[in-house]
Amino acid sequence: MTASIPGSVLIVGAGLAGFQLAATLRRSGYDGEIEILGAEPHRPYDRPPLSKEFLTGTMSAHDLGLDDPGAPLQARWSLGAPAAALDPATLTVRTSTGATHRAEAVVLATGCTPRIPAGMGPAGADSVGGGAAGLPEGAFVLGCLDDAVALRQARVAGARVAVLGGGFIALEAAATAVARQAAEVTLVAPESLPLAGRIGAEAAHALRELHLRHGVRFAPPARVHGLSADAGGRLRAVRLQHADGARAELRADIAICGLGAAPTTGWLAGTGLAFDGAGRILCDAAGRTSLPGVWAAGDCANWEPSGPVPVPRPAGGHWQDAVDHATVIGAALLGSGPPALPPPYFWSEQHGVRLQAAGHLIGHPRLSAGGIETADLLLVYELDGQETGILGMDRPREVTRWRRGRARRPAVVAA
Amino acid sequence: MRRVCALNDLEPGEGLRIDDTSPPIAVFLTEEGTVHAIDDTCTHQDASLAAGWVEDCRVECPLHASAFSLLTGEADQPPARRPVRVHRAEVHDGEVWVEVSTAAPNLPPGVTLP
Ligand SMILES: Cc1cc2nc3c(=O)[nH]c(=O)nc-3n(C[C@H](O)[C@H](O)[C@H](O)COP(=O)(O)OP(=O)(O)OC[C@H]3O[C@@H](n4cnc5c(N)ncnc54)[C@H](O)[C@@H]3O)c2cc1C
Ligand code: FES
């Protein structure tokens, strides 16, 4: 090892990016100290099934674990207490219990925290491992395992379910509520065509049609204005405000908030770190923050765009970005020229249809195969005659060929 | 051993799903010309590995990030943790023959044998 390789690494956030970074370092042969701090009491687990297979009961909490019980990751764990302060001068992190942790490099990987309707919960505070605090009984968020356990235990069958928000997690939650035999599932979003801004009108239209065929109702575009509870503290209705200012109420037994998520970075205010407008930590194209020795990965980070199509990646974050960030930071920490961050890739699953998108969904989508009615379309996005991205519904082979034909998997470097 | 397909049915770098075994198996012809057989169903969720990307004697699942060794069946990174079974594959006179492993398959949650 050369002198520039840190002798110890402190990872803040025991989620996907944090786990993957530690695993990458060990696979590369790194033998320094690795310590991982986590706000939740759980070992790292996989979040995507929390709005899908975990809610329908197909996957258990055990199935979600990221570590291999047969060959567990060699790291020191400090779980159940969130990091509360970072001293950049000494690279020391203090947790809510007052314990201090120090290393030669600090990697911030605290992910994001679901937003809750205005007027509910601890305003402005990072709330982790219990985002539902302050919500009436019957209202849920989906950010962490404990949130999903609560929703899984709720009696959804026969209930009137309101799903608040028009992002991926909201649409997935609506689909699982249908699968769990809710009496009614109504989606409330400010956009008339949810996700059109992210994936284009064509693909968004195909998703909307898929939901309609499965009985999901779309309320007229409205913002959530608040939740009303009965005297016993149980959810009674969702208060809405339509685009024209008119207010309305939607009666509901269960409300699932999919209103997006804010980066869990409030605890880093005052450290001198540079943030973007959404509160994500600004990083260079290898994950370095504005503070020496401090790196950031996953949903809490906004990396400088690089590559052939240098387009900034939207806030919110996806699974593959967290893994790719970890791979790049791992290589950079070990002193090798870090690989470029691969182009974006994400997936979703709704009503049993797998949606996958690779590259940048900009420019004009061209229908390359399939159709909207059959929920099997393949769209290729083109800008100035160049293919920039692809989106498929139940088209795993085509999307994988397109993606891997353009960007190979980054290789693990040796320490 | 049983015959599963003709060598001509395979394309270099592509997988072919063989459905008449339970669970189904995937047969691959690598760019280097070697033939391999593994369980077709990913151990993470219900995806067909025959639709995956073959490189360096591994197949990357077409859904998420795990890649399985065509030689040992091990997954290299999350989300899959358990290996797929590897079946012995041989080519005789242009026909692909496979000896299906007698080990128990590592099927993903929610997938059961018919
Ligand atoms: C319900 C749901 C469904 C999803 N579905 C998909 C999908 O289908 N496809 C897709 O591409 N992506 C999906 N995602 C997104 C994907 O899971 C994330 O992009 C990914 O987990 C990001 O990894 P991360 O490590 O940045 O954050 P996380 O995995 O969220 O990990 C962050 C960790 O940091 C911990 N933490 C927070 N604050 C502190 C603190 N102060 N101190 C210590 N620890 C702290 C948290 O408890 C958490 O464990 C989904 C996310 C959710 C919530
Ligand atoms: S289904 Fe294969 S890695 Fe998830």
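None of these values were measured; they are calculated from a predicted model.

Trainee: Tell me about the site of ligand 1, residues and numbers included.
Mentor: Residues and elements named next belong to chain A. Taken together, 35 residues surround ligand 1, and among them Ala 17, Glu 40, Lys 52, Ala 83 and Asp 299 come closest. Between ligand 1 and the protein, one listed contact pairs an oxygen atom with a side-chain N or O atom of Lys 52 at 2.6 Å. Within the complex, 94% of the 1000 Å² of free accessible area of ligand 1 lies under protein. Listed by contribution, the elements that provide at least two residues to the shell around ligand 1 are α1 (16–27), β2 (33–38), α5 (168–179), α8 (319–333) and β21 (345–350).

Trainee: Go over the domain arrangement of chain A, please, and point to the residues and values.
Mentor: All names here are of chain A. You can read the domains of chain A as domain 1 (8–111 + 264–333), domain 2 (118–260) and domain 3 (345–406). Counting residues at the interface gives 24 residues for domain 1, matched by 20 residues for domain 2. Along the contact surface separating domain 1 from domain 2 lie one salt bridge. Where domain 1 touches domain 2, the interface holds nine residue pairs in polar contact (both at pLDDT 80 or more). Of all the secondary-structure elements, those providing two or more residues to the side of domain 1 that touches domain 2 are α2 (53–56) and α3 (61–64). Broken down by element, the side of domain 1 that touches domain 2 gets its largest block of residues, three residues, from α2.

Trainee: Got a sec to walk through the pairing of strand β14 (residues 235–242) of chain A? Specific residues and values, please.
Mentor: All names here are of chain A. In this structure, strand β13 (residues 222–229) lies alongside β14, joined through seven bridges in antiparallel fashion. In the sheet register, Val 224 faces β14, and the bridge partner there is Leu 240. Between the antiparallel neighbours β13 and β14 lie five residues, among them Gly 233 with a positive phi of about 85 degrees. Bridge count for β14 against strand β15 (residues 247–251) is five bridges, and the pairing is antiparallel. For Leu 240, the partnering residue across the bridge sits in β15 and is Ala 248. Here β14 folds back onto β15 in antiparallel fashion, the turn holding four residues, of which Gly 245 has a positive phi close to 95 degrees.

Trainee: Go over the sheet that holds strand β12 (residues 217–218) of chain A, please, and point to the residues and values.
Mentor: Two strands in a sheet stick together by hydrogen bonds in their backbones, pointing the same way (parallel) or opposite ways (antiparallel). Residues and elements named next belong to chain A. Strand order in the open sheet formed by five strands is β9-β16-β10-β11-β12, and the pairing between neighbours is parallel. In this open sheet, the two strands that pair with only one neighbour each are β9 (139–141) and β12. With two bridges joining them, strand β11 (residues 184–188) and β12 adopt parallel strand pairing. Paired with Leu 187 across the strands is Phe 218, a residue of β12.

Trainee: Before we move on, could you go through the pattern of salt bridges and cite the residues and values that matter?
Mentor: Counted by the stated rule, this structure contains 32 salt bridges over all chains. A salt bridge links Asp 19 of chain B to Arg 17 of chain B, with the shortest nitrogen-to-oxygen separation between them at 2.9 Å. Assessed through its relative accessible area of 51%, Asp 19 of chain B is described here as exposed. Looking at Arg 17 of chain B, the relative accessible area reads 38%, which means it is partly exposed. Here the salt bridges share partners, and the residues they tie into one network are Arg 403, Arg 404 and Arg 409 of chain A together with Arg 58, Glu 60 and Asp 76 of chain B.

Trainee: Describe the confidence of the model for chain B, naming the residues involved and giving the relevant values.
Mentor: Taken over all residues, the pLDDT of chain B has a mean of 96, while the share at 70 or more is 100%. Confidence estimates for the predicted assembly give a pTM of 0.95 and an ipTM of 0.95.

Trainee: Describe the UniProt feature "domain: Reductase C-terminal" (unreviewed entry) in chain A, with residues and values.
Mentor: UniProt's feature table lists "domain: Reductase C-terminal" (unreviewed entry) at residues 345–409 of chain A, given in the numbering used throughout. Secondary structure across residues 345–409 of chain A comprises 17% helix and 51% strand; the distance between its end C-alpha atoms is 12 Å.

Trainee: Run through the interface of chain A and chain B, naming residues and quoting values.
Mentor: Facing the 31 residues of chain A at the interface are 27 residues of chain B. Together chain A and chain B conceal approximately 2500 Å² of surface at their shared face, both sides included; 47% is due to carbon and sulfur atoms. Taken together, the links from chain A to chain B amount to seven salt bridges. Close ionic contact of Glu 55 of chain B with Arg 408 of chain A constitutes a salt bridge, the shortest N to O distance being 3.4 Å. Counting across the interface, chain A meets chain B through 18 residue pairs in polar contact (both at pLDDT 80 or more). Of all elements in the fold, only α1, α3, α8, β21, β22 (353–359) and α9 (396–406) of chain A reach the threshold of two or more residues within the side of chain A that touches chain B. Within the side of chain A that touches chain B, the residues separate by chemical class into ten nonpolar, eight polar and 13 charged.

Rules used in this analysis
Residues numbered from 1 in each chain as written. Chains lettered and ligands numbered in written order. Predicted model: local features only at pLDDT ≥ 70, side-chain atom pairs only at ≥ 80, totals over all residues. Heavy atoms only, no water. Near = heavy atom within 4 Å. Polar contact = N/O pair within 3.5 Å; in protein donor to acceptor, adjacent residues only side chain to side chain. Areas by Shrake-Rupley, 256 points an atom, 1.4 Å probe, with all protein chains shown as cover. Helix = DSSP H or I, 4+ residues; strand = E, 2+ residues; numbered from the N terminus. Domains from an automatic or database assignment. Contact = heavy atoms within 4.5 Å. Salt bridge = Lys/Arg side-chain N within 4 Å of Asp/Glu carboxyl O. Pairing = 2+ DSSP bridges. Buried < 20%, exposed > 50% of the residue type's maximum accessible area, 1.4 Å probe, protein only. pLDDT = per-residue confidence, 0-100. UniProt positions renumbered as here; feature names shortened; annotations may be inferred. Buried area = accessible area lost by both parts, 1.4 Å probe. Nonpolar A, V, L, I, M, F, W, Y, C, P; charged D, E, K, R; others polar.

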